[in-house]
Amino acid sequence: MFETAIQTFSSPVVLFFVLGLLAAFARSDLAIPEPIAKAMSLYLMAAIGIKGGVAVAKSGIDGTVLSALAAGIGAGFVLPLFAYAVLKTFGKLDRINSGAVAAHYGSISVVTFVTAVEILTGQSREPGGYMVAVMAAMEAPAILAGLMLARGVGSKDASVGGTQSTGEMMHEVFTNSSIVLLLGAFVIGMIGGADAFEPVSPFFEAGFKGVLCLFLLDMGLIAARRMMDSRSITWRLVVIAIFLPVVNGLVGTALGIGISLDSGSAATLGVLCASASYIAVPAAMRLALPEADPGIYLTMSLSITFPFNVLINIGLISAFAAYLAGVMP
Amino acid sequence: MFETAIQTFSSPVVLFFVLGLLAAFARSDLAIPEPIAKAMSLYLMAAIGIKGGVAVAKSGIDGTVLSALAAGIGAGFVLPLFAYAVLKTFGKLDRINSGAVAAHYGSISVVTFVTAVEILTGQSREPGGYMVAVMAAMEAPAILAGLMLARGVGSKDASVGGTQSTGEMMHEVFTNSSIVLLLGAFVIGMIGGADAFEPVSPFFEAGFKGVLCLFLLDMGLIAARRMMDSRSITWRLVVIAIFLPVVNGLVGTALGIGISLDSGSAATLGVLCASASYIAVPAAMRLALPEADPGIYLTMSLSITFPFNVLINIGLISAFAAYLAGVMP
Amino acid sequence: MFETAIQTFSSPVVLFFVLGLLAAFARSDLAIPEPIAKAMSLYLMAAIGIKGGVAVAKSGIDGTVLSALAAGIGAGFVLPLFAYAVLKTFGKLDRINSGAVAAHYGSISVVTFVTAVEILTGQSREPGGYMVAVMAAMEAPAILAGLMLARGVGSKDASVGGTQSTGEMMHEVFTNSSIVLLLGAFVIGMIGGADAFEPVSPFFEAGFKGVLCLFLLDMGLIAARRMMDSRSITWRLVVIAIFLPVVNGLVGTALGIGISLDSGSAATLGVLCASASYIAVPAAMRLALPEADPGIYLTMSLSITFPFNVLINIGLISAFAAYLAGVMP
Amino acid sequence: MIETVTRKRIEILADKALQGRVTKAIENAQITGWTIVPVTSGKGREGHWREESVMGTDKVFVLTIAAEDKAMALAEELAPMLTNLGFILSMWDVQVIRGERF
Amino acid sequence: MIETVTRKRIEILADKALQGRVTKAIENAQITGWTIVPVTSGKGREGHWREESVMGTDKVFVLTIAAEDKAMALAEELAPMLTNLGFILSMWDVQVIRGERF
Amino acid sequence: MIETVTRKRIEILADKALQGRVTKAIENAQITGWTIVPVTSGKGREGHWREESVMGTDKVFVLTIAAEDKAMALAEELAPMLTNLGFILSMWDVQVIRGERF
Ligand SMILES: Nc1ncnc2c1ncn2[C@@H]1O[C@H](COP(=O)(O)O)[C@@H](O)[C@H]1O
Ligand SMILES: Nc1ncnc2c1ncn2[C@@H]1O[C@H](COP(=O)(O)O)[C@@H](O)[C@H]1O
Ligand SMILES: Nc1ncnc2c1ncn2[C@@H]1O[C@H](COP(=O)(O)O)[C@@H](O)[C@H]1O
Ligand code: NA
Ligand code: NA
Ligand code: NA
C-alpha cells in the first residue's frame, strides 16, 4: 500500500497532474492552448487504439478475452442503474441530471485507464492487451443506459432534447469523435499487426508517455479551475463522486478475479468501472441531453472522481486485486 | 499487382486515410484542429526538405540528378498545357478555371509523393534521395504556366485578379509558405549534411510516419466532407480528375525510364506527374487568381485525384515502372 | 573563433533561425500557427526544467552549485541598475520604459541559453546540469528590480499600473506561466530522478532539438517582422541592444571564472547575463507595467539582442571563457 | 454614391455542439447564409465557462444577415432554445451593399 | 409576434493580459455577463500588432449586453483605461429577446 | 456624464489570403485603424466553406471604425470586390468615446 503510494507519486505522469492542480489553485495563468489539448486527446485515443489492436492481432480472441468483454459490457449497462438510484435519492438531482451523471460513471475514462496501466506495469503486473478492447466496448453502453434513464424509458418527452429521434441519438453516440478514433485505430492495429506498426511506433509508442504528462498537466489545470468556479456542486454530490468510484472499483475488481483474469487485468477492469468519462460522454450529452448541466457532470467526473482515482483509488484497487488474487488462487 | 494492393492497404498511413474518409462519410464529428493540421503540413515540408538536402549532400549532383531535374521541370511546364486543353474542351470550364485546375495538375502533391516513397520502400525499390529536389523543382513551374493560361498570355486583363502585376504574382508564388519551407529545409539539409542532422533526426525522421498517419486521417476527413458539400463538380470533371493522373502517371514513368532512372525513381517521377497539388497551388491561386473557384480545383485535386492516387494509382504506376524496367533493361 | 562561427552556422537550430529571418524579410507568408508556437514554448520549458532537475538530483547540491546560484541571483538584481542608467541617459527613454527594458536585460532568455548549451556541447564543453537551476533562479529578480526602478522605489505612483499593490505584483510575477512550468518541471525532475524519467525521455529529450529548430524558425519570422514594423526604435536603442549583451556577457563570464566554474559553465553564465528575456518578462510587464511600450522592449530583446546573441555573441563569449580559463587555471 | 439597403443582423451565442440546430433554423427561415465566429469564454447567470474542446464545452457566435421579416421568423423559431439551452440572441439594423443577396 | 426590448451592446478591445480588469469593471457595473471573442491582429496609431501568444501581445474583444444606464456607468469606469492602456470601446443599440436577463 | 460621438462601424468578410487588399483600401480611405476577427465556417449562395488553413480557404472579418464620409468612401472602393471576390460588407452606427481617434 505505502509502496504503491510512493510509486504513484514518483511517476512523472502523476506529478505533472499535481503540478497542474497546484498551478491552477495558485491562480497561475499557465494554460495549454485549446487546439493542442484537443490534439493530444486525439493522439492518445489513436495510440491506445493501435496498441490494443496490435495486441489482439498477436494474442487472438480467446475465452478470456470474450468473458472480459462480456463483463465490461454488462457492467456498462448495470452500473448506471445503481448510480442513477444513488444520484436521485441521496444526491437529490432531478431525472435528467441523474441520468446524465449516471452515464458518465457507467462509461470509462481513457486517461484513467492509461494511468492505471502505467502504474500496474511499474509493478510488473501489466494487464492483457485485450483490456483496450474491453475499454472500447465499455464506452457506449452506459451512454445509452443513461439517456434512457434521463428520458424515462418509453415515455414521450416534450423537452427540447427529447425532440430528437432515437435513431439520431444512436448516430450521435456512435459517431462521437473519440469513439470513432479509438475503434478505428483499434481496427487499423488489428489489420496491420505488429510488422506494419513498427515504422510508426516511434511516434505512437515512444512519444506516448511524454504526451500523457502534458495532457495530465492540462487536465490538472482544468479540473482545479472548474472546481474553483463550480456553483452547482453540493456536499452530497462530492460524497457520491468519491463513493461511486470506490464501490464500482471493488465490484469491477471482484468481477475480474471472478472470471479468472490475472490480477493486473482484474485491477484494470476495476479501474474501468471506477472511472468516470470526461471526454466522450460529455460530448455526447451536450448533443443528446443538452438540458443537463455540464457544471454538475463535468465537475463531478473531472474535478473530483478523476483526481481521486489517479491519486488514491488506482492504488487501492491495485492492492485489492493483489489481495483477492492471493486469496483465491 | 494484387500483392501491391495488399501492401497498400495494410500500410497504416493508407489505413488512416481510409478511416478519415469513412468517418466523414458516416458524418462523425471527428476533426483535427486547424492549427494542428497546418503545423503537421509544415512539419512534413521541413522533414522532407531536410531529408532530401542531406541525401543530395551525400550523393552529390551528377548527370542522373540533372536529367531528372530537367525532366521534372519540363513536365511542370508541359503537363498544364495538355490539362488545360482537356479541361476547356471536354471539361467545359471557362478560361480562368481551366488555367487554375491545370496549374494544380501540373504541380505536385507532397503527401502523394511521400506515400509513394513509403510504398516503394516497402517493395525494396526506394527512389533516389534527389527525387526530393525534383519534387521541389516541380512545384512552381506549373503555377506560372497555369496563370499564363488563365490570364491569356500577353493579353491585358481587366479582371480584379488581373490588376496585379507579373512581378507581384511571381513574388507571391515564390514566397508561398510551403515552397519557402521545402526549399529552405532542403538547403539547410545540404549545408548541414548528415552529421549535423543526427541530433534532430529523432524529431524529423523517427516521428515522420506517425505524423503522416494523422495528417492523412485529416486529409481523408476533409476530402470526403468537401466531396459531400461540392456543388460545382460535374461528371465530366470527375472523369478528368481520374483520367489526368492515369495519363500523366504513364507519361512520367516512361520519361523516367527513358532517361535511365532506376525503376523506383522512375515510378516516383510518374507519381509526381500524376499527383495534383492541394497545398501550395491552392494557396497561390487564392492570391493570384481569386476569381477561380476553389470548389472546383480543390474538390478535383483533393477529393478525387488524391484518394485515387493513394489507393489505386500509385500501385498501377509502380507496377508499370517495374514492367518497363524489365522490358528495357 | 572562425571555427566557432562555422560550427554555429552549420547547426540546424541556427540555420532554421536564419531561414525564419530571411523568409520574413522576403515577405513570405510562412507562419507557425499561434497555438503551436505557444505549445512549443511550453514544451521547451518543461523539457529544460526536467533535464535540470534530473541533473541536480544526480549531482546533488554542493558549493559550486550554491556559488553559481548566488552569482546568478546577484547579477539578476545588479544588471538592471546598470541597464536602467544607460537606457535613461544615453537611450533617452522615460522612467517607465527604462525600467521595463532593464527588467528584460537583467532576466534571461531560455532559448538563448539552450542554443548556447547546444553550441558548447558541440565543442565538448557541456556546462553543468545545475546551470538550469541558475537560469531558473535568474528569471524573477530582474523583474522585481525593473518594476521598482520603473515605479520609483518608495514613491506613491498615481498611474494606472501603479494602482496595483505590491502583493498582487509579486503574485503575478511568480505565477507567470513560464516560471511556474520551468520551476515545476525542475522539481518534478528532482523528485523523480533519472529512473522515473527514462520512459518519458523519448518525448522530452529525443524530440527536443527538433522542436527547437521549428521554434527558432518561428522566432526568426517574428523577430524580423517586428523589426520591419517597428516605429519606436531609435539608433540609440539599437546601439544599447548590442552594447548591453556584449558588456553583460563579459562580466558574467568573468564572474563565472572568478567563482571557479569550468569554462563551459562560466560561458553559460555569461550567456545568461547577456541574454534578454522575451517570453516570461514581456508577459509579466504587460500585467504589471501596462503603460510601458512593447514596441520598445520586445523589439530590442527579440529583434536585435536575440539574433545578435545567437549568431555572434555566443561565439564571442565562448571564446572569451576559453581564453580566461587558460589564463587563470 | 453607392446604394445601401437596411437589413437585420442577428447574432446567436450557442453551444458549438448545437450549432447545427441554429443553422437548421436559419435555413428553415430561408435565409441565404450564415457565418460562424469563435468565442473563447464568458460569464452569465449560470457562472463562468471556458472553451474546453476536449470536453466539448465550446460555444460559437452564429451571425446571419436577413430581411426584417425573415429575421423575426428566425427569432420566433429560436426563442424556445434561448430559454431551454441557454442561447443568447441579439439583433440590430445594418446597411448592406448589394442587398438582393440577403 | 415575439417581444423584444432594446439594450446596449458594448464591445471593448483590450489586451488579453488585462482582460480581467475589463471584466471586473463589468461586474462592478452589475452587468450579468460578458463573452470573449478572439482577435488576431490589427493596426492603429501605435502601429501594427499581431497575436503572439508566446510574448503575450494578444488582444481580445470583450462583449457585453446591458441596459443603457449600466452601459454608461461601465463606459465611465473604463474611460481612463481607453486613454492609458490603448483600449477601444464602441457601443450601439440592439434588440434582445428575454430582456430581463440583461 | 461621459461624452460619446457617432461613427460608422464597418465589417467586411473576406478571404484571409486577400485580407491585405481590404486593409490597403482602409488605409487608402485614410482610416486610422482596423482589427481582424477570425471566423471558422459559413454558408452562402456558393455553398458551405470551412476554415482549412492547409489549403488556404480561411476567411476573416476585418472591422474598422470611421467617420461616415470615410466609411462611405471605403464602401465605394470595396464594392467591386464584393461582387468579384465574394466579400460581404455591412455597416452600422456606433457610439465611441474619444471620437477624435477615429
Ligand atoms: N449580458 C451579457 N453580455 C454578453 N454575454 C452574455 C451576457 N450574459 C450572458 N452572456 C453569455 O452567455 C453565456 C450564458 O449565459 P447564462 O445562461 O446567463 O449563464 C455566458 O456564459 C456568456 O458567455
Ligand atoms: N479605427 C479603428 N477601427 C478598428 N480598430 C481599430 C481602429 N483604430 C485602432 N483599432 C484597433 O485598436 C488597436 C490599438 O489602436 P491604437 O492605440 O490606435 O494603436 C489597433 O491595433 C487596432 O486593433
Ligand atoms: N446572409 C448571410 N449572413 C451571414 N453571412 C453570410 C450570409 N450570406 C453569406 N454569408 C457569408 O459569406 C460567405 C460567402 O457567401 P456567398 O458568396 O453567398 O457564398 C458565406 O460562406 C458566409 O460565410
Ligand atoms: Na466507470
Ligand atoms: Na502533377
Ligand atoms: Na540577462
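This is a predicted model, so every value here is computed, not measured.

A. The packing of helix α13 (residues 235-258) of chain A against helix α14 (residues 263-274) of chain A, seen in detail. All names here are of chain A. For the pair α13 and α14, interaxial distance at closest approach is 7 Å and the crossing angle is 145°. The crossing of α13 and α14 is right-handed. Along its contact with α13, which presents P245, N248, G249, G252, T253, L255, G256 and I257, the element α14 presents S263, A266, A267, L269, G270, C273 and A274. Classifying every residue of the contact of α13 with α14 by side-chain character gives eight nonpolar, seven polar and no charged.

B. Inspection of the site of ligand 2 at higher detail. Near ligand 2 lie 17 residues; those nearest to it are R45(E), E46(E), W49(E), T35(F) and I65(F). Surrounding ligand 2 are residues belonging to chains E and F, so the site spans chains. At 3.4 Å, a backbone N or O of K43(E) approaches an oxygen atom of ligand 2. Within the contact set of ligand 2, an oxygen atom lies 2.9 Å away from a backbone nitrogen or oxygen of E46(E). Relative to its unbound accessible area of 480 Å², ligand 2 is 95% covered by the protein chains.

C. Spotlight on the side chain of N309(B). Residue and element names in this part refer to chain B. Positionally, N309 belongs in helix α16 (residues 294-327). The buried category is assigned to N309, whose relative accessible area is 2%. With residues up to four places along the chain from it excluded, the contact list for N309 reads T112, P245, A274, S275 and I314.

D. The arrangement of the pattern of salt bridges in detail. All names here are of chain F. Scanning the entire structure with this criterion turns up 27 salt bridges over all chains. For the salt bridge of D15 with K59, the shortest nitrogen-to-oxygen distance reads 3.9 Å. Residue D15 is located in strand β1 (residues 4-15), and its partner K59 is located in strand β5 (residues 59-66); the two are separated by 44 residues in the primary sequence. Each member of the pair, D15 together with K59, is buried.

E. Structural detail: the interface of chain A and chain B. Contact with chain A, which involves 25 residues of that partner, is made by 25 residues of chain B. A combined buried area of about 1,900 Å² lies between chain A and chain B, and 83% of that area is made up of carbon and sulfur atoms. At the boundary of chain A with chain B, the tally comes to zero salt bridges. Elements supplying a minimum of two residues to the side of chain A that touches chain B: α3 (34-59), α10 (177-197) and α11 (201-206) of chain A. Of all the elements, α10(A) adds the most residues to the side of chain A that touches chain B, at ten residues.

F. Seen up close, the coordination of the sodium ion (ligand 5). All names here are of chain B. Around the sodium ion (ligand 5), the protein contributes the donor atoms Y105 (O), S107 (O), L272 (O), C273 (O) and S275 (O), at 2.4 to 2.8 Å from the metal centre. All donors to the sodium ion (ligand 5) come from one chain, and their sequence spacing reads Y-x1-S-x164-L-C-x1-S. Highlighted residues: Y105 in helix α5 (residues 95-106) and S275 in the loop between α14 (263-274) and α15 (280-288), separated in sequence by 170 residues. Assessed through its relative accessible area of 0%, Y105 is described here as buried. On the basis of relative accessible area, S275 is assigned to the buried category, the value being 1%.

G. Region of the structure containing the coordination of the sodium ion (ligand 6). Residue and element names in this part refer to chain C. Surrounding the sodium ion (ligand 6) are the protein donor atoms Y105 (O), S107 (O), L272 (O), C273 (O) and S275 (O), at 2.4 to 2.8 Å. Between the donor residues of the sodium ion (ligand 6), the gaps in sequence give the motif Y-x1-S-x164-L-C-x1-S. Here S107 is found in the loop between α5 (95-106) and α6 (110-122), whereas its partner L272 is found in helix α14 (residues 263-274), with 165 residues between them in sequence.

H. Quick peek at the packing of α10(A) against helix α2 (residues 12-25) of chain B. It is at 10 Å that the axes of α10(A) and α2(B) come closest, and there the two elements cross at 160°. The pairing of α10(A) with α2(B) is recorded here as roughly antiparallel in orientation. Classified by chirality, the crossing of α2(B) by α10(A) is right-handed. Here V180(A), L181(A), G184(A), A185(A), I188(A), I191(A), A196(A) and F197(A) of α10(A) come into contact with α2(B), specifically with P12(B), L15(B), F16(B), L19(B) and A23(B). A per-class count over the contact of α10(A) with α2(B) returns twelve nonpolar, one polar and no charged.

I. Here's a closer look at the site of ligand 1. Around ligand 1, 17 residues are found, and the nearest of them are R45(D), E46(D), W49(D), T35(E) and I65(E). More than one chain reaches ligand 1: the nearby residues come from chains D and E. K43(D) is positioned such that a nitrogen or oxygen atom in its backbone is 3.4 Å from an oxygen atom of ligand 1. Within the backbone of G33(E), one N or O atom sits 3.4 Å away from a nitrogen atom of ligand 1. Considering ligand 1 on its own, with 480 Å² of exposed area, one finds that the protein chains cover 95% of that surface. Secondary structure elements with two or more residues in the shell around ligand 1: β3 (41-44) of chain D together with β2 (34-38) and β5 (59-66) of chain E. Across the shell around ligand 1, the residue classes tally to seven nonpolar, six polar and four charged.

J. Quick peek at the relation of the copies chain A and chain B. With an axial shift of 0.0 Å and an RMSD of 0.0 Å, the rotation relating chain A to chain B amounts to 120°. Taken together, the turn and the small shift mark the pair as related by a three-fold rotation axis. In this assembly the copies use different faces: only 8% of the residues contributing to the interface of chain A also contribute to that of chain B.

K. Broad picture of the relation of the copies chain F and chain D. It takes a turn of 120° to lay chain F on chain D, together with a shift of 0.0 Å along the axis; the resulting RMSD is 0.0 Å. Comparing interface residues between copies, only 11% of those in chain F also sit at the interface in chain D, which points to a heterologous contact through distinct surfaces.

L. Geometry of the environment of V54(E). Here V54(E) lies in the loop between β4 (47-50) and β5. The contacts of V54(E), once residues within four sequence positions are left out, are E34(C), A37(C), K38(C), S41(C), F215(C), M219(C) and I279(C).

M. Spotlight on the environment of V94(F). Examined against the element boundaries, V94(F) turns out to sit in strand β6 (residues 88-97). With 23 residues separating them in the primary sequence, V94(F) and A71(F) have C-alpha atoms 12 Å apart. Setting aside residues no more than four positions away along its own chain, V94(F) makes contact with S90(E), M91(E), W92(E), V5(F), T6(F), R7(F) and R9(F).

N. Here's a closer look at a nonpolar patch on the surface. All names here are of chain A. Together, F82, F90, W235, V239 and F243 make up an exposed nonpolar region whose accessible area comes to about 470 Å². The leading source of residues in the nonpolar patch is α13, at three residues. Topologically, F82 is positioned in helix α4 (residues 63-89).

O. Spotlight on the nonpolar core. Formed by 360 residues in total, the largest nonpolar core has its most connected members in F204(A), F204(B), F204(C) and M219(C). Among residues more than four places away in sequence, those in contact with F204(A) are Y43(A), A46(A), A47(A), I50(A), F16(B), G210(B), C213(B) and L214(B). Grouped together as the second largest cluster of nonpolar side chains are 34 residues, W92(D), W92(E), V37(F) and L63(F) included.

P. Broad picture of the interface of chain F and chain D. Of the residues lining the interface, 27 residues belong to chain F; the matching set on chain D comes to 24 residues. Our count for the chain F to chain D interface comes out at two salt bridges. In this structure, R9(D) engages E11(F) in a salt bridge whose closest nitrogen and oxygen atoms are separated by 2.3 Å. Seen at the junction of chain F and chain D, the total is nine residue pairs in polar contact (both at pLDDT 80 or more).

Q. View of empty space enclosed by the protein. Enumeration according to the criterion identifies six cavities of 30 Å³ or more in this entry. Space inside the largest cavity adds up to approximately 170 Å³. Forming the boundary of the largest cavity are 18 residues, of which R9(D), E11(D), E11(E), R9(F) and E11(F) lie nearest the centre. At the level of elements, β1 (4-15) and β5 (59-66) of chain D, β1 (4-15) and β5 of chain E together with β1 and β5 of chain F are the ones that each hand at least two residues to the lining of the largest cavity. Residue classes in the lining of the largest cavity are distributed as twelve nonpolar, no polar and six charged.

R. Just the pairing of β2(E), in detail. The buried fraction of β2(E) is high, at five of five residues. The alternating pattern of β2(E) places W34(E), I36(E) and P38(E) and T35(E) and V37(E) on opposite faces, both of which are buried. Pairing analysis gives three bridges linking β3(D) to β2(E), with the strands arranged antiparallel. Residue pairing for β2(E): S41(D) is matched across the bridge by I36(E). The pairing of β2(E) with β5(E) spans four bridges and is classified as antiparallel.

S. Summary view of the pairing of β1(E). Residue and element names in this part refer to chain E. Counting buried positions along β1 gives nine out of twelve residues, so the element sits mostly inside the fold. In this structure, β1 lies alongside strand β6 (residues 88-97), joined through ten bridges in antiparallel fashion. Residue pairing across strands places E11 opposite S90, the latter belonging to β6. As judged from the eight bridges shared by β1 and β5, these two strands associate in the antiparallel manner. Within β5, the residue paired with I10 across the bridge is T64.

Rules behind the numbers
Residues numbered from 1 in each chain as written. Chains lettered and ligands numbered in written order. Predicted model: local features only at pLDDT ≥ 70, side-chain atom pairs only at ≥ 80, totals over all residues. Heavy atoms only, no water. Axes fitted to C-alpha atoms, helices over the stretch in contact; angles between N-to-C directions. Helix = DSSP H or I, 4+ residues; strand = E, 2+ residues; numbered from the N terminus. Left-handed = near helix turned anticlockwise from the far one by under 90°. Contact = heavy atoms within 4.5 Å. Nonpolar A, V, L, I, M, F, W, Y, C, P; charged D, E, K, R; others polar. Near = heavy atom within 4 Å. Polar contact = N/O pair within 3.5 Å; in protein donor to acceptor, adjacent residues only side chain to side chain. Areas by Shrake-Rupley, 256 points an atom, 1.4 Å probe, with all protein chains shown as cover. Buried < 20%, exposed > 50% of the residue type's maximum accessible area, 1.4 Å probe, protein only. Salt bridge = Lys/Arg side-chain N within 4 Å of Asp/Glu carboxyl O. Buried area = accessible area lost by both parts, 1.4 Å probe. Donors = N, O, S within 2.8 Å, 3.2 Å for Na, K, Ca; no water. Parallel < 35°, antiparallel > 145°, perpendicular 65-115°, else oblique. Least-squares fit on C-alpha atoms with pLDDT ≥ 70 in both. Patch = residues over 30% accessible without salt bridge, like charges linked within 9 Å, V, L, I, M, F, W, Y side chains within 5 Å. Core = buried A, V, L, I, M, F, W, Y, C linked by side-chain atoms within 4.5 Å. 1 Å grid on protein atoms, 1.4 Å probe; cavity = no way out; pocket = protein on both sides within 12 Å on 5 of 7 lines; lining within 4 Å. Points joined across faces, edges and corners; volume = space filled by probe spheres on them. Pairing = 2+ DSSP bridges.

Note that all results are geometric; they support no functional claim without further evidence.
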